[in-house]
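Working through the structure, step by step
Okay, here's what each chain looks like letter by letter:
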Amino acid sequence: MKRWLMKSEPDAYGWDDLVREGLGTWDGVRNHQAANNMKAMKKGDEALFYHSVTGKAVVGIMQIVGEAAADPTDAAWWAVKVAPVRPLARPVTLAEMKAVPALADLAIIRQSRLSVAPVTADQWRRILKLAEG
């Protein structure tokens, strides 16, 4: 199983929207590297849900429940199906992640505009530890 971080503006599609729907389509990604990351996702992979622009924090964990298929908003791109797993005990802000040297290679820090990126097992553990307070 691989792990990912997926960013969305909460005003456009936030954690609460995904929870309310129970099953979401992650679409609208228009970056080739992010799209390639979505193509690499497998059913059962997990992803951190990150609120970008407003909040700038990881707020929950979701699972990939449907692998890459044509984006319903533009068939030239990819979309995946996701489902909420659980919210984090508390949001983990970008500032908190930047303060942890072991997270310096996290894609959200190195490539701030990349909306879908892999997360290593160690990075995943560290972010979840930060969420515990």
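Presented here is a report on the structure given in the accompanying data block. A quick note: this is a predicted structure, and the numbers were derived from the prediction, not measured. (Residues numbered from 1 in each chain as written. Predicted model: local features only at pLDDT ≥ 70, side-chain atom pairs only at ≥ 80, totals over all residues. Heavy atoms only, no water.)

Attention now moves to the packing of aromatic side chains. This structure, assessed with the given rule, holds three aromatic pairs. Ring geometry for Tyr13 versus Trp26: centroids 6.3 Å apart, planes at 90°, classification edge-to-face. Note that Tyr13 is positioned in the loop between strand E1 (3–8) and helix H1 (15–21) and Trp26 in strand E2 (residues 24–26), a separation of 13 residues in sequence. The exposure class of Trp26 is buried, given its relative accessible area of 4%. What links up through ring pairs into an aromatic cluster is the set Tyr13, Trp15, Trp26 and Phe49. (Phe/Tyr/Trp six-rings, centres within 6.5 Å; stacked < 30°, edge-to-face > 60°. Helix = DSSP H or I, 4+ residues; strand = E, 2+ residues; numbered from the N terminus. Buried < 20%, exposed > 50% of the residue type's maximum accessible area, 1.4 Å probe, protein only.)

Right, let's talk about unusual backbone geometry for a bit. The residue Val53 is not glycine, and still its phi comes out positive at about 60°. Position of Val53 relative to the elements: it lies in the loop between strand E3 (46–51) and strand E4 (57–71). With a relative accessible area of 55%, Val53 lands in the exposed category.

This part covers the sheet that holds strand E5 (residues 74–93). Spatially, E2-E5-E4-E3-E1-E6 is the arrangement adopted by the six strands of the open sheet, whose pairing is mixed. Two strands close off the open sheet at either side, each with one partner strand: E2 and strand E6 (116–119). Strand-to-strand, the axes of this sheet are offset by a mean angle of 40°, without reference to chain direction. Across eleven bridges, E4 lies against E5 in antiparallel orientation. Across the sheet, Ile61 pairs through a bridge with Arg86, a residue of E5. (Pairing = 2+ DSSP bridges. Axes fitted to C-alpha atoms, helices over the stretch in contact; angles between N-to-C directions.)

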